[in-house]
Amino acid sequence: DSFGNNPSASIMATFRVDCCGVHITHRTSNIIRWTAACLFAILTVCLLFFQRYLGTICSVLFIYFVLSFALRAHADPFPLPVRIGGALVIFLATVFITSLPWVIYGGKEACKASRGTYKTPWNQGFEDHWLDLSFRLVFIWFLAIHAIYITLGDHPPSAHVRQETRCVVFVWFGKLIQIVTVVVDSCQIPKYNDDGRKTLDSATAYLTVFGNSTHYVADVWFLQLVVERLVAFQAAYGEPLPCTRVVVWLSRAMIFMVCTQAFGVISRVVALGSAVTLSVGVIFLSILLCRAYAVPYKYLLKAQKLDVNDALSAQMKKETTFAMRIIRRSQMVFFLGSGGMILAFLAFGLDFFVWPRDQMWSMIYVVASNLDSLAITASLVMLSGVNFKWCRRRSKGNDGPRASRAGGTCCTSDHRDLKYHSESAWNFERTATGAFNTTGEQDKSAREWQEKVAGLATRRVSVEVLLHFYLQLGQENAMPHFDSKRSTTNDVVRHMVIPQSRDGNLGRSFAEKFGPHKVSMTPKMVTHHWSNRFCDLVAAVLADALGLKRWDLIAECLRSPDVSDGEELKEQLYAHGALHWQYWICAFCINQHASICGNSMGVLDTVTQKVLPSCDCATPKYLNDQPIRCEMNKFDDMMAYLHRECPKFLQVVAIDLEFMIFSRAWCVAELVQADASHLEQHMMIHSPSALEKNTGQLKSIQVQNCSASREEDKLAILAKIGAQDDVDKFNQRLQQILLGNGGLLADWLDGQKLLQEVGAISARAKARVEEASKAQPNLDVSDPWEI
């Protein structure tokens, strides 16, 4: 039961892999999938030798199994040269198949002479076959355009988009193969048996079976992708949507039904029965999907009607309008695809059921099946969101204005790009300390500064290591008093990170000791504060890896007693291709032994109320008085370095439940500097209701009133900003970043996955409606269906 009444259960159960009480790890699951694929391949090869018809169908199912299930964890787009090569292959293959009648047979007149006056048992002559071929060639070029576009287009890491890309190419390939049979039938005399069916003694007959099977398997694949979008929408919305379980199980049942459709040529009754059943199933599925989306849509509509005048009401109206438009568009896209499917299913059933067969029904099926494929590929291209702007937006040295995520408008920054910041930072540190008097010393020290920055930038922790670390907490030898609802990041650093990263009398950073051996070129830097609950920090990182924009449900999962081994979360992360994503988190990537380990400054443990432990290692300590060797004054420089070296580097802002992160000087400085550098910024919030509750306090944030663990850090930040006028400009920019039109919190959600984004906007609208209902008792929010 994947979706119950518990929202956190719906997240955790999405990729549950328990079998007869035996828990399967994600690695074991991966081995099982590829082993099954190998066995499937062996079965397919055997059938191709002994029973070609079944073997041809199995070959289609094998390709589908590999593309849909075995490769489901593949999330990253291919490099541009690979995408160009793939698009070129699609184009050249389409050109080759299109030219077959002329290259092989000499053109239309030669084909007509070779075919003669022969007609099929249902009275199809040369002109009918040539018309059939012409229709298919027109459609195949439309399909090729879709396949080339989605192959060339770039996108953020997303296993869902990769599946959509593979599905579109799968559809194109099946239709392309099927054209070969039509070319042969148009230019040669086809062979039929006494029943009026095509004989299966030629390779072209099996190409027809392959093309038909591909077509119907692609239909089911499309339905599965639509259902996955609904699941993502529900996860972002945070509450179970009506009929979701029925939708999930109905889509699974249709996998079996499409297999009967592939075998429908065996019996006219089976063909018509499966066609009608599939058509009814698609209609029923469409109704259920509309019902599932109706509830958040109604809340969006109610949120627009609220008579609330505050700073965010106008932005909220823009967001709800945007979300309602996306829901309507998504439903229209699904109706487009499902309408084509219904038409193709019925045309296939009637084509085989009507006897003797008629050339009109045959042509109707040709047009219907190709319209179905065209509708599906067009729907997937629109739903995927691939484009040719993503790479430019995140490319190295992007000095253009940063586009807002939802509104499409641009906002500019008065601050310099981070790639120019290192020099000014170094100049400040040098001036502040007065340590160097000669140009040679300055150059040498600048090099040492940059070497330190580069070294810091290579330290990472993977999602898998972070989750494993968290799951250790609370055990007898790993901070046994850990409380997921109370223990802070500072507590965990003192009790666990520092001891585990010590080697004998010396210490290093946790990331250097337990980090990945190979450094990824797509790292993410997490901005957070140490007073936040450590469980919430981990939840924010995992939620980002799963493509969510709220972390409350993940936190519930982490606090659940059933999360002991974390395999369900690992399976989800693996399925999203995110288990080995790398994050830069200061608590793990800064060498605490070279800075703060020796003195806990009398801070008490949140749970035990005892002074936090100190470390007696012999590692030299470097603080602000030794700026070059200090690791705690180079965050902005490290961001600049990663921005230059890793074009897809981005910032994840782990916002705590109370929004205290915006009162921390370093966090605020990192936000503004990342914005000035046009970095993509992911804002991870607890929930829409938490955002509504804390919006008021954000309006009064000023960097000079923010706090820092060390006063010298705050002074350093203010000195880097400049004089009072510069500080005022900084504060204005900060307000624009957080709450302005297209700001991070006004535009809090991820535009990469539109339906998931809309789900989160809908959740925020629901929270706003319910908050308004407390002030307006007459406002009815009990049943959104009554609007």
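Per chain, the residues get numbers from 1 upward, laid out in the order the sequence is written. Local features in this predicted model are restricted to residues of pLDDT 70 or higher, and side-chain atom pairs are both shown and tallied only at a pLDDT of 80 or more, whereas totals for entire chains, interfaces and linings draw on every residue. Derived side-chain values reflect all non-hydrogen atoms in the structure, with water molecules and hydrogen atoms excluded from consideration.

Turning our attention to the overall build of the protein chain. Where helices and strands are cited, they refer to DSSP runs of H or I of at least four residues and of E of at least two residues respectively, numbered from the N terminus. Check the secondary structure of the protein chain and you find 28 helices and 11 strands. Relative accessibility thresholds used throughout: buried, under 20% of the residue-type maximum; exposed, over 50%; partly exposed, between the two (1.4 Å probe, protein chains only). Looking at the protein chain as a whole, 56% of its 787 residues qualify as buried. Working rule for contacts: check all heavy atoms of both residues, and any pair within 4.5 Å makes them a contact. Considering only contacts within the protein chain whose residues lie at least 6 apart along the sequence, 79% involve residues at least 24 apart.

This part is about helix H24 (residues 665-676). With 12 residues, H24 should reach 16 Å at 1.5 Å per residue; the first-to-last C-alpha distance of 17 Å fits that figure. Within H24, 12 of the 12 residues are buried, leaving the element largely enclosed by the surrounding structure. Those residues of H24 not exposed but buried are Ala665, Trp666, Cys667, Val668, Ala669, Glu670, Leu671, Val672, Gln673, Ala674, Asp675 and Ala676. Here, expected helix span is obtained from the residue count minus one, scaled by 1.5 Å.

This part takes up the confidence of the model for the protein chain. As a per-residue quantity, pLDDT reports the predictor's confidence and falls between 0 and 100. In this model, the protein chain carries an average pLDDT of 76, and 75% of its residues clear a pLDDT of 70 or more. Confidence drops under pLDDT 50 across residues 1-23; counting only partners more than four residues distant or on other chains, this segment forms 49 contacts. Of the regions scoring below 50 in pLDDT, residues 781-787 engages in 16 contacts with residues more than four places distant in sequence or in other chains.

Two cysteine sulfur atoms make up a disulfide if the distance between them is within 2.5 Å. Counted under the stated rule, the structure contains 1 disulfide. Covalently, Cys111 is tied to Cys187 through a disulfide, its sulfur atoms 1.9 Å apart. With the S-S bond torsion at 75°, the cross-link from Cys111 to Cys187 turns out right-handed. You can see Cys111 sitting in helix H5 (residues 108-115) and its partner Cys187 sitting in helix H7 (residues 159-187), a full 76 residues away along the chain.

Turning next to the pattern of salt bridges. Only one rule defines a salt bridge in this text: a Lys or Arg side-chain nitrogen within 4 Å of an Asp or Glu carboxyl oxygen. Under the criterion given, the structure shown has 13 salt bridges. The salt bridge involving Lys452 is made with Glu631; its shortest N-O contact spans 3.1 Å. With Lys452 in helix H15 (residues 439-457) and Glu631 in the loop between helix H22 (586-589) and helix H23 (635-645), the pair connects residues that are 179 residues apart, well separated along the chain. For Lys452, a relative accessible area of 25% corresponds to the partly exposed category. Taking relative accessible area as the criterion, Glu631 reaches 6% and is therefore assigned buried. For Asp544, the salt bridge goes to Lys524, with nearest N and O atoms at 2.9 Å. On the criterion of sequence distance, the pair formed by Asp544 in helix H19 (residues 534-545) and Lys524 in strand S8 (residues 524-527) is long-range, its members being 20 residues apart. The burial state of Asp544 is the same as that of Lys524; both residues are buried. What you see here is one network of salt bridges that share partners, running through Lys452, Arg459, Glu512 and Glu631.

Before going further, it helps to spend a moment on helix H21 (residues 567-575). Within H21, 9 of the 9 residues are buried, which leaves the element mostly enclosed by the surrounding structure. Turning to H21, its buried residues number three or more, namely Glu567, Glu568, Leu569, Lys570, Glu571, Gln572, Leu573, Tyr574 and Ala575. Gly577 sits one or two positions beyond H21 and adopts a positive phi of about 70°.

Okay, the side chain of Asp544 next. For Asp544, a relative accessible area of 4% translates into the label buried. Apart from the residues within four sequence positions on either side, Asp544 is in contact with Lys524, Lys549, Trp581, Tyr583, Val652, His682 and Met684.

Attention shifts here to the packing of helix H4 (residues 80-103) against H7. For helices, the axis comes from a line fit to the C-alpha atoms of the stretch in contact; other axes are also lines fit to C-alpha atoms, and the angle between any two N-to-C directions lies between 0 and 180 degrees. Interaxial distance between H4 and H7 falls to 9 Å at its minimum, and their mutual angle equals 15°. Considering the angle they form, H4 stands roughly parallel to H7. Here H4 runs over H7; the crossing is left-handed. Note on element contacts: H7 touches H4 through Val169, Trp172, Leu176, Ile179, Val180 and Val183, opposite Ile90, Ala93, Thr94, Ile97, Leu100 and Pro101. Should an angle fall under 35 degrees it is called roughly parallel, over 145 degrees roughly antiparallel, and 65 to 115 degrees roughly perpendicular, with every other angle called oblique. Left-handed describes a crossing whose near helix is turned anticlockwise from the far helix through less than a right angle; right-handed describes the clockwise counterpart.

Across the interface, H4 lies against helix H6 (residues 126-152) with an axial gap of 9 Å and an inter-helix angle of 170°. Viewed along their axes, H4 and H6 adopt a mutual orientation that is roughly antiparallel. On H6, the residues touching Arg83, Ile84, Gly86, Ala87, Ile90, Phe91, Thr94, Val95, Thr98, Pro101 and Trp102 of H4 are Trp130, Leu133, Leu137, Ile140, Trp141, Ala144, Ala147, Ile148, Thr151 and Leu152. Amino acid classes used here: Ala, Val, Leu, Ile, Met, Phe, Trp, Tyr, Cys and Pro are nonpolar; Asp, Glu, Lys and Arg are charged; the rest, including Gly, are polar. In terms of residue class, the contact of H4 with H6 is made up of 16 nonpolar, 4 polar and 1 charged.

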